[in-house]
Amino acid sequence: MKDLAASGLLMTSVVERLSTADSVERVTSIVAAAVRELMDADGASFVLREDNQCFYADEDAVGPLWKGQRFPLSACVSGWVIGHRENAVIPDIYADDRVPVDAYRPTFVKSMAMVPIRREAPVGALGAYWSEPHEPTAEQVRLVEVLANSASVALENLELRGAVVRRVAERDHLESAMHTLVHDLRNPLFAMLGCAEMLIEETDPAVVREFAGTILRSGHRLDTQIDRMLAVYRITHAELQPEAVDLSALADDIARPLVSVAGRDIDLEIEDGLRAHLDPVMADLMLRNLLDNAFKYTGRQEAPRIRLARTSSGPRQDTFVVADNGAGFDPARTNDLFRPLTRLHDSREFPGTGLGLASVARIVELHGGAIRAEGRLGGGASFYLSLPNAA
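Residues numbered from 1 in each chain as written. Predicted model: local features only at pLDDT ≥ 70, side-chain atom pairs only at ≥ 80, totals over all residues. Heavy atoms only, no water.

S.K.: Would you take a moment to explain the sheet that holds strand β6 (residues 124-130) for this structure?
M.R.: Pairing between the strands of a sheet is mediated by backbone hydrogen bonds and can be parallel or antiparallel. Spatial strand order, β3-β2-β1-β6-β5-β4: 6 strands in an open sheet with antiparallel pairing. For this open sheet the edge positions go to β3 (70-72) and β4 (88-90), each flanked by a neighbour on one side alone. Strand-to-strand twist across the sheet, computed as the mean angle between neighbouring axes with direction ignored, equals 20°. Pairing of β4 with strand β5 (residues 111-117), which is carried by 3 bridges, proceeds in the antiparallel orientation. Within the sheet, the bridge partner assigned to Ile 90 lies in β5 and is Met 112. Packed on one face of the sheet, helix α2 (residues 24-38) meets β1 (43-50), β2 (53-61) and β6 and runs near 60° to β2. Helix α3 (residues 77-84) rests against β1, β2, β4, β5 and β6 of the sheet, and its axis sits at about 40° to β5. (Pairing = 2+ DSSP bridges. Helix = DSSP H or I, 4+ residues; strand = E, 2+ residues; numbered from the N terminus. Axes fitted to C-alpha atoms, helices over the stretch in contact; angles between N-to-C directions. Contact = heavy atoms within 4.5 Å.)

S.K.: Mind showing me how you'd approach the environment of Arg 275 here?
M.R.: Here Arg 275 is to be found in strand β9 (residues 275-278). Along the chain, Arg 275 and Leu 250 lie 25 residues apart, while their C-alpha atoms are 9.9 Å from each other.

S.K.: Help me understand the sheet that holds strand β11 (residues 317-324) in this model?
M.R.: The strand order across the open sheet formed by 5 strands is β8-β10-β11-β13-β12, and the pairing between neighbours is mixed. Two strands in the sheet have a free side with no partner beyond their single neighbour: β8 (267-270) and β12 (370-375). Across the sheet, the axes of successive neighbouring strands diverge by a mean angle of 20°, strand direction being ignored. Across 4 bridges, the pairing between β8 and strand β10 (residues 305-313) is parallel. Within β10, the residue paired with Ile 270 across the bridge is Leu 308.

S.K.: Looking at this structure, I do not really get the state of the cysteines. What am I missing?
M.R.: Note on terminology: a disulfide is the covalent bond linking the sulfur atoms of two cysteines. Under the definition given, this model contains 0 disulfides. Left without a disulfide partner, Cys 76 is nearest to the cysteine sulfur of Cys 54, which lies 3.6 Å away. Since its relative accessible area comes to 7%, Cys 76 is described here as buried. (Disulfide = S-S within 2.5 Å. Buried < 20%, exposed > 50% of the residue type's maximum accessible area, 1.4 Å probe, protein only.)

S.K.: Just to check I follow, could you spell out unusual backbone geometry for this structure?
M.R.: It is generally the case that most residues other than glycine have a negative phi and that most peptide bonds are trans. Backbone geometry places Arg 85, a non-glycine residue, at a positive phi of 55°. Residue position: Arg 85 is located in the loop between α3 and β4. In this structure, Arg 118 is a non-glycine residue whose phi angle is positive, near 80°. Within the element layout of this structure, Arg 118 appears in the loop between β5 and β6. Given the relative accessible area of 29%, Arg 118 is considered partly exposed.

S.K.: Looking at this model, I keep getting lost on the environment of His 84. Mind explaining?
M.R.: Here His 84 shows up in helix α3. Sequence separation of His 84 and Ala 121 is 37 residues, and the distance between their C-alpha atoms is 9.9 Å.

S.K.: Explain helix α11 (residues 356-366) to me, please; I cannot follow it from the model alone.
M.R.: Summarising burial for α11: 8 of the 11 residues are buried, a large majority. The complete set of buried residues in α11 reads Gly 356, Leu 357, Ala 358, Ser 359, Val 360, Ala 361, Ile 363 and Val 364. Within two residues after α11, Gly 368 carries a phi angle of roughly 80°, on the positive side.

In structure tokens form, the structure reads like this:
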């Protein structure tokens, strides 16, 4: 059986991954695997309630169970758990009348345990299964209860985020994204609360340090998201106060700490003498978002290159480019780049709020400029900004 310290470390990892999960499939996959490991089980399932049915959304098992199948709430153990809002620990499935044995005979299952996902108005259930007679410990069941609560919050956040994206698509306005981004704050907050709950009874120093690290990292994520929210609010509401801005000096100030934190050699080229007529606070946010992206998406390049330069000059506007040789993007999705809360890369690889480029586009638009992007997957990205000439 996995000891408490190892279980605590696993829970820390699961809580962190769930806090950034960006799809129902990702949530169910993470949780099913964690249930199986926490319970030392031969299989695990993630069941979702769909009206009066139980949908077996995912599983992690030594043999096939019921993934993709639906059963009436009244005809399965998961339905009993959901309806009664309590756990079911069944050491012998053939000795418990809650078990539809005909559905279990083709499987390896001899013993099982199920926990509702959320006690009040359960949205589903988590199941663990063993191929030999077995009864999990009370500590194991408690850990899966905590995991079920975490899964519930992750699913709720996904639902809220989907509503946000739909509203933004309908209104195409950053203000709606700013207001509803509040829900995204629940992801790192949920990670912090989950770890704090586990810390209450934890005494192992290594596990305590791991939980504390998760809380600290989640706190930093909260701080970053709040900063982005305030920036979006300013873009939407503040009155512009444009002046001549030295983009070269500004970019250098922004990039210097990024280079230091990266801890690697980066070929960074910032052309001298780049100037534009912009609100200085907006100019800082614009370049900060673009350079943050460039550093992030070149993080896996052996020889990363980032460049800021002027590409053309006109009577009213100059065009500048921020280019990198990083992960790039699918050209077919170029139009999605500047939509609020849209990410073109898996958040597990490249975390973010989905607001950076949308903010950049809005800033450029407010100054009467234009923005376009060029790129390809694995071939880097270039962002061209046409901005008012400096006086």
